[in-house]
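# Secondary and tertiary structure notes
Listed here are the chains, written in short residue letters.
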Amino acid sequence: MIHLYLSSLLVLICSAVCSAEHRVALLIDNSDAKLKTKGMPTLKTALTKLGFRITEKKQLDRDELRSTLDRFVQSIPTRGSSFIYFRGYALQGSHKGTDDSFLMPSRIDSLKSSREIGNIGYGINRLMQSLDQDSGGDTNILVVDACHRHAQQSDSIPLGLMKPKSIPPTVMLCTSAETGKTLPLTSSLVSKLSAEGKLLDALQSNGWATWKSEVELTGEATPVVSPPAKIVEGKKSGDEWVNAYGMVFCWCPSGSFVMGSSKNTPGRNSDEGPVKVTLTKGFWLAKYELTKRENPGRHPRNTISQHKHDPITMIHFDDGRAMTRRYTQAERKAGRLPKEWEYALPTEIEWEYAAKAGSTTKFYFGDEAEKLAKHANFADRSLFDTGDGFYNYAHRSWNDGVAYLAKVGSYPPNAWGVHDMLGNVWEWCDSRYVEKLQGGTDPFKHKGKGNPVMRGGSWVSRAEYCRCAFRRGWPSRAEQNYIGYRFIIRKK
């Protein structure tokens, strides 16, 4: 019997309604005839009703098991939730001198030693660490129904699963509680989950051992317009789509808007128009600034980005543009991106159009700068209170609650569902396509001797620099811990 740690925290699925999130699930059935597997269809139905997008896999060999789990972890949406259910065999073993319990492939020819198990299985601790550090998930639930003796199992191999030494903060682990006991999945587990939407109660009532950290599912599930392998245009502003890397995008429809600011706007600069602009094509804009975990290439000097959901910084304009080309090439090669679509950095026009999201005020939430602390991370009281004299200019009464970088999505989105368009990090914009997109000349020429322009303000910016219309030219090779960017996907 595995030591049972009961939890009262995970009222989990569908219990709170304060925000929306993307939910994905992976169901793996590696069981054999001895285990008499039942219930996968009903589990799938129950999870689908709770807003999970389901991937099912059966009878995976060693390489398929590893690649399936690795790809799924990578695909978990930023600030989303995941559920992994494994049915089959999980055995104690060792890999590179480290003891662990290992999820086993469907075909097992020999199980004579702990090392052999470690070489062919997928470590549960490794999976939990990957879910915590490498995925976009804030909540990751791993359910292992696998405490059974295998026919090839040597008497020297201990029965049951190892008690985990630690559980990462974003992970909950549930395992079969009794060694050798085949637990019915179809009856009380699924019926209770379907009826009450409380996974913890369902697991406990079926005799599962549950280890948890501080995880919980909040809010409602967010629908998507198409699966990751198929990109289509959105139908309305705020529609969402998630790519194969777990990046979330919001649809910005075609339309017209007044770019810049009115001439009576306090603090406006002379290069802020205004001018009416029409976008003839809609586009997908990343819901969040590019994060540390989403940077698949080199990790540059990054002095303050510590959490996986912190925006990536210390990336200059040319590197950012090169990264969009790499994504375009990789997605086309994978067959997920038609040739008429491309990843890119947004132009200033696209950026401001998405930032305003139909609004006509200084900030997308209104004209009142004193409300900025509820919507953005900028130079405020939290920064001033660090005691660093360099930030003496920071506002001494408005307080956004964060001194340096904030995790993406920490503040409310604008009307089109996009987060952090104001504050946190300045965002590089690329105006190479302005004439092609608009059918005319760029109404706002590059600011400052051909240098690219940054928009939105940052954690070191005064409130007035976070206006939707504010522009700042900057050398393209500059790397700073307050400059980042976000992707756009557009039709060429």
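Above this text is the structure in question.
An account of the accompanying structure is given in this report. (Residues numbered from 1 in each chain as written. Predicted model: local features only at pLDDT ≥ 70, side-chain atom pairs only at ≥ 80, totals over all residues. Heavy atoms only, no water.)

### Focus: the overall build of the protein
Each helix and strand counted, the protein has ten helices and 22 strands in total. Here the protein holds 492 residues, and 54% of them are scored as buried. The long-range share in the protein, meaning contacts at least 24 apart out of those at least 6 apart in sequence, stands at 73%. For the protein, the accessible area works out to roughly 20,600 Å², and carbon and sulfur atoms hold 49% of it. (Helix = DSSP H or I, 4+ residues; strand = E, 2+ residues; numbered from the N terminus. Buried < 20%, exposed > 50% of the residue type's maximum accessible area, 1.4 Å probe, protein only. Contact = heavy atoms within 4.5 Å. Areas by Shrake-Rupley, 256 points an atom, 1.4 Å probe, with all protein chains shown as cover.)

### A closer look at the sheet that holds strand S21 (residues 483-484)
What the four strands build is an open sheet, ordered S20-S19-S18-S21; its pairing is mixed. The sheet is open, and its two edges are formed by strand S20 (471-473) and S21, each paired on a single side. Sheet strands in contact with helix H8 (residues 348-356) are strand S18 (426-429), strand S19 (453-455) and S20, and its direction is about 5 degrees off that of S19. (Pairing = 2+ DSSP bridges. Axes fitted to C-alpha atoms, helices over the stretch in contact; angles between N-to-C directions.)

### A look at the pattern of salt bridges
This structure, assessed with the given rule, holds 24 salt bridges. In this structure, a network of salt bridges that share partners links the residues Asp271, Glu348, Glu352, Lys356, Arg455 and Arg471. (Salt bridge = Lys/Arg side-chain N within 4 Å of Asp/Glu carboxyl O.)

### Points about the nonpolar core
Core analysis: the largest hydrophobic core is formed by 37 residues, its most contacted members being Phe249, Trp284, Tyr343, Trp428, Tyr485, Phe487 and Ile489. Of all the secondary-structure elements, those providing two or more residues to this core are strand S13 (248-252), strand S16 (283-286), helix H7 (317-333), strand S17 (341-344) and S18. Residues Met259, Tyr364, Phe378 and Met421 belong to the second largest nonpolar core, which totals 32 residues. (Core = buried A, V, L, I, M, F, W, Y, C linked by side-chain atoms within 4.5 Å.)

### A short note on the environment of Gln74
Tracing the sequence through the fold places Gln74 in helix H2 (residues 62-75). Gln74 sits in the partly exposed class, given a relative accessible area of 39%. Distance from Gln74 to Gly246, taken between C-alpha atoms, is 6.6 Å for residues 172 residues apart in sequence. Filtering out sequence-adjacent residues up to four positions away, Gln74 remains in contact with Ala244, Tyr245, Gly246 and Arg293.

### Digging into helix H1 (residues 40-49)
Every buried residue belonging to H1 is among Met40, Leu43, Ala46 and Leu47, and all of these are buried. Seen along its axis, H1 keeps its buried residues to an arc of 125 degrees; they face one direction. When the buried face of H1 is taken as reference, the exposed residues oriented beyond 90 degrees from it are Pro41 and Lys49. Of the residues trailing H1, Gly51 is marked for its positive phi of about 95 degrees. (Arc of directions from axis to C-beta.)

### Description of the state of the cysteines
Under the defined criterion, the tally for this structure stands at zero disulfides. For Cys252, which is in no disulfide, the shortest distance to another cysteine sulfur is to Cys250 and amounts to 7.1 Å. Looking at the unpaired Cys466, the closest cysteine sulfur is the one in Cys468, lying at 9.8 Å. (Disulfide = S-S within 2.5 Å.)

### Re the packing of aromatic side chains
One pass over the full model with this rule turns up 23 aromatic pairs. Relative to Tyr353, the ring of Phe283 has its centre 6.3 Å away and its plane inclined at 55 degrees; by these criteria the two rings are tilted. On the criterion of sequence distance, the pair formed by Phe283 in strand S16 and Tyr353 in helix H8 is long-range, its members being 70 residues apart. An identical accessibility class is assigned to Phe283 and Tyr353; each is buried. (Phe/Tyr/Trp six-rings, centres within 6.5 Å; stacked < 30°, edge-to-face > 60°.)

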